[in-house]
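# An overview of the molecular structure
Now for the letters of each chain:
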Amino acid sequence: MLGIADPQIWLAYLACVFSALGCMVYGALNWREKKEEKAVKSGTQKQVIQDQ
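All of the points below concern the structure found in this document. (Residues numbered from 1 in each chain as written. Predicted model: local features only at pLDDT ≥ 70, side-chain atom pairs only at ≥ 80, totals over all residues. Heavy atoms only, no water.)

## Structural notes on the overall build of the protein
Condition: For the purposes of this entry, the term helix denotes a DSSP run of H or I that reaches at least four residues, the term strand denotes a run of E that reaches at least two, and both are numbered from the N terminus. Each residue is assigned to one of three classes by its accessible area relative to the maximum for its type, calculated with a 1.4 Å probe on protein chains only: buried under 20%, partly exposed between the two thresholds, exposed over 50%. Using a 1.4 Å probe, the Shrake-Rupley method yields the accessible areas, and only the shown protein chains count as cover for residues.
The number of helices and strands found in the protein is one helix and zero strands. Residue burial in the protein is summarised as follows: out of 52 residues, 0% are buried. Accessible surface, the protein: about 5,900 Å² in total, of which carbon and sulfur atoms supply 61%.

Next comes the structure, spelled out in structure tokens:
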């Protein structure tokens, strides 16, 4: 079928299609869910300089 005889290639194609569908379903279900994102404190964001 379509010139691809190896079943492992078909499994790879099916895995790609099903994972893309799964991502779309997950995105559709969680699209409007309002969650507050917490800011991650990082040492690189702000450096404190102390006066000597």
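## Quick word on the packing of aromatic side chains
Quick note on the threshold: Only Phe, Tyr and Trp rings are paired, with Trp represented by its six-membered ring, and only when their centres lie within 6.5 Å; those with planes under 30 degrees apart are stacked, over 60 edge-to-face, the remainder tilted. We count a charge as sitting over a ring when the NZ of a lysine or the CZ of an arginine lies within 6 Å of the ring centre and within 35 degrees of the ring normal.
What the rule picks out here adds up to one aromatic pair. Stacked on the ring of Trp 31, the Lys or Arg Arg 32 has its end atom at 5.5 Å from the ring centre.

## Focus: a nonpolar patch on the surface
Rules: Surface patches are drawn from residues lacking salt bridges whose relative accessible area is over 30%; two like charges belong together within 9 Å, two nonpolar side chains (Val, Leu, Ile, Met, Phe, Trp, Tyr) within 5 Å. Any carboxyl oxygen of Asp or Glu within 4 Å of a side-chain nitrogen of Lys or Arg constitutes a salt bridge here.
On the surface, Leu 11, Leu 14, Val 17, Phe 18, Leu 21 and Met 24 cluster together into a nonpolar patch covering about 620 Å² of accessible area. Considering the arrangement of structural elements, one finds Met 24 in helix H1 (residues 7-29). The class of Met 24 is exposed, set by a relative accessible area of 54%.

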